[in-house]
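Residue strings, one per chain:
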Amino acid sequence: MRVRRIKVRASSGAYEVVCAAGAVSRLDDEIARLGKFTSVHVVTSPKVWRAVGKAVLRGLARHKPSEVHLFDDREAKKEMRSVEQIARLLARAKADRRSLILAVGGGVVGDVVGYAAASYLRGVALVQIPTTLVSQTDSSVGGKTGVNLPEGKNLVGAFYPARLVVVDPQLLKTLSKREFRGGLAEVIKYGIIADAKLFEYLEENFERALRRDEKVLEYLICRSIEIKAWVVSKDERESGLREILNYGHTFGHALESETRYRRFQHGEAVAWGMKCAALLGHKIGLTRASDVSRIVALIERLGPLPDWSRVSDASLIEAMKSDKKTVGNKLRFVLSKKIGKAATYENVPLDAVKHALHFAPRLHALTEIVSG
Ligand SMILES: NC(=O)c1ccc[n+]([C@@H]2O[C@H](COP(=O)([O-])OP(=O)(O)OC[C@H]3O[C@@H](n4cnc5c(N)ncnc54)[C@H](O)[C@@H]3O)[C@@H](O)[C@H]2O)c1
Ligand SMILES: [Zn+2]
């Protein structure tokens, strides 16, 4: 097995992301490198545990969990009550300061269990074992944990990096097609913002990626982690560079919130958002037309996205203004000068934003008209 070890620097100390097909079979050895623990507690959801429990347990022969704690990992349960539920499960199982928590699941599990681990006894050791494409390439790296409030998403949380992240692309076999495709949209994002070679690789191997070819997945996931690790190591607290990870997300978040998080899977909204960002970049004279067409063409290969008819441009603009990442009343966007590079641009004219919103949903039709 070829194991990639990717180092992430954090203010609380460095940690490693271990990435390889079959990596969970090495859990015992990897955990042993962290030191000794009084007990091991898996925290996961019933659905995730059904899918990956056997494989994970096989890797834990020498670190048999004293308990496997289950909680509901629907986004609606990403709330304070779940943190309390997990903390109480840990207390009843007598987890102490030297216990180890293994968070096994997607981004919801990682965020909620990470926050519970940050606060239980003021912090117990955490290992993340992400099981979705999004959590493997994004949420398990960088230390952001937390929960939603009725007032908004991710409003309560803490920076609490794992001591170790173990990424095994083989765990993705059971992931639904929709979740997988949403994750792939975020991989496209990494190509656009930081790595033209990754983007080219996607162009050449997209069908194999969609078929979840092991070799292709291993490359895409490890490369995405390297990019995320590079960004968060340079800017843990999002004072600058880390913002580029939000490419396509200002539009995407607006689409999600204006459709009450019901119509789009997050990655689908980001896919639309990236088309908007590419068009917007072109409109303000930043992104070349040839790059816009490559971005749009690659996103189209994900397959049809839910449409956004009946969502008004005005309401999307309002939502973008109230996005917690906007400063003042100015519209700020992460845009790409050319594939492989991105930065934040301030004071983007409203007319250009309206132009992007108008043409993005019609792009497909336009391409057909032009090519037909
Ligand atoms: N902390 C961060 O930096 C960060 C970054 C991005 C996203 N997030 C958060 O992550 C969450 C989204 O995470 P996600 O996209 O991983 O989705 P998710 O955690 O909601 O998981 C999606 C679905 O897949 C199921 N699932 C998970 N692994 C599976 C597997 N191997 N086989 C079959 N089913 C499986 C889950 O039970 C769930 O039903 C959001 O709450 C978002 O806010 C956090
Ligand atoms: Zn995202």
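Residues numbered from 1 in each chain as written. Chains lettered and ligands numbered in written order. Predicted model: local features only at pLDDT ≥ 70, side-chain atom pairs only at ≥ 80, totals over all residues.

1. Focus: the pairing of strand β5 (residues 100–105)
A large share of β5 lies buried, amounting to six of its six residues. Neither face of β5 is open: one carries L100, L102 and V104, the other I101, A103 and G105, and all of them are buried. Judged from the five bridges that link them, strand β3 (residues 40–44) and β5 form a sheet pairing that is parallel. Bridge pairing in β5 links V43 to A103. Judged from the six bridges that link them, β5 and strand β6 (residues 125–130) form a sheet pairing that is parallel. Each bridged residue has a counterpart across the sheet, and for V104 the counterpart in β6 is I129. (Buried ≥ 20, exposed ≤ 12 C-beta atoms within 10 Å, placed from the backbone. Helix = DSSP H or I, 4+ residues; strand = E, 2+ residues; numbered from the N terminus. Pairing = 2+ DSSP bridges.)

2. Observations concerning the nonpolar core
Core analysis: the largest hydrophobic core is formed by 111 residues, its most contacted members being V17, C19, V166, M274 and A277. The residues that make up this core include at least three from each of domain 1 (4–174) and domain 2 (177–371). Apart from the residues lying within four places of it in its own chain, the contact partners of M274 are I188, K189, I192, Y247, G248, I295 and I299. (Core = buried A, V, L, I, M, F, W, Y, C linked by C-beta atoms within 7 Å. Domains from an automatic or database assignment. Contact = placed C-beta atoms within 7 Å.)

3. Let's talk about the sheet that holds strand β2 (residues 15–19)
Taken together, the seven strands give an open sheet; going across it, the order is β1-β2-β9-β6-β5-β3-β4, and neighbouring strands pair in mixed fashion. Every other strand in the sheet has two partners, leaving β1 (4–8) and β4 (67–70) as the edge strands with one partner each. Shown here is a sheet whose adjacent strand axes are inclined to one another by a mean of 20°, direction ignored. Against the sheet, helix α8 (residues 214–234) engages β1, β2 and β9 (164–167), with an angle of about 15° to β1. (Axes fitted to C-alpha atoms, helices over the stretch in contact; angles between N-to-C directions.)

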